[in-house]
Amino acid sequence: MKKTMVLLLTLIFSMALLSGCSSTGGAQDGEGAGTEVGSGSGADTSAAGGSGAWTGSPLEDPNSPLYEKVIYFDFDTAEIRPEYVPTLRAHAEYLVNTPAVRLIIEGHADERGSREYNIALGERRAGSVKRFLEAEGVSPVQLETVSYGEERPVDLGHNEDAWSKNRRAELVYQ
């Protein structure tokens, strides 16, 4: 019941927020395209007046920076790459403006390295994203981290292309 109420309040707030905004149609730079996790397809647009305005959650709007929920990392590092700073700032703003929303930051690593090392690296990556969001004003009570290390790859290949997709932190909204 509580989860349903939070979801309903989030939806109402999102709709109120978007009702006064015009779509800018801003395009993403394409980094990580096609690998969004947990973003859903929900292409629910309004047919009223043929405006095509988004009426769903901003987290599900393909034209919103909130749609991108995967942050990729370079090999053996937890440093946030500059191209993900605007995305994380957008998520921070959303979280600050919707304090009832909770976020789980899942840290991941590629298959190279020991299991223990990769769990620690995934934790450092999730922690790096958490610290960034907190520095942008997000309440620590809204954030949780978990590390899966190499246990949940998105690409099962054994090459740099696959590994680069597996070095990530995923933002999972609750």
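Residues numbered from 1 in each chain as written. Predicted model: local features only at pLDDT ≥ 70, side-chain atom pairs only at ≥ 80, totals over all residues. Heavy atoms only, no water.

Student: Go over the sheet that holds strand β1 (residues 70-72), please, and point to the residues and values.
Tutor: If you walk across this open sheet you meet the 4 strands as β1-β4-β2-β3, and the pairing is mixed. Whereas interior strands pair on both sides, the edge strands pair on one side only; in this sheet they are β1 and β3 (143-149). Across the sheet, the mean angle separating the axes of adjacent strands is 20° when strand polarity is ignored. Looking at chain direction, β1 and strand β4 (residues 168-173) are connected through 3 bridges and run antiparallel. Bridge pairing links Y72 to R168 in β4. Helix-sheet contacts for helix α2 (residues 85-97) involve β1, β2 (103-108), β3 and β4, and the interaxial angle to β4 is about 25°. (Pairing = 2+ DSSP bridges. Helix = DSSP H or I, 4+ residues; strand = E, 2+ residues; numbered from the N terminus. Axes fitted to C-alpha atoms, helices over the stretch in contact; angles between N-to-C directions. Contact = heavy atoms within 4.5 Å.)

Student: Account for the pattern of salt bridges, naming residues and giving values.
Tutor: One pass over the structure, following the stated rule, counts 12 salt bridges. In this structure, E83 and R81 form a salt bridge, with 2.8 Å as the shortest nitrogen-oxygen distance. You can call E83 partly exposed: its relative accessible area is 30%. The salt bridge partner of K165 is D155, with a shortest N-O separation of 3.4 Å. Within this pair, whereas K165 is found in helix α4 (residues 160-166), its partner D155 is found in the loop between β3 and α4, the two being separated by 10 residues in sequence. Several salt bridges share partner residues, and in doing so they unite D110, R112, E160 and R167 into one network. (Salt bridge = Lys/Arg side-chain N within 4 Å of Asp/Glu carboxyl O. Buried < 20%, exposed > 50% of the residue type's maximum accessible area, 1.4 Å probe, protein only.)

Everything listed is a geometric property; what it means functionally is a separate question.
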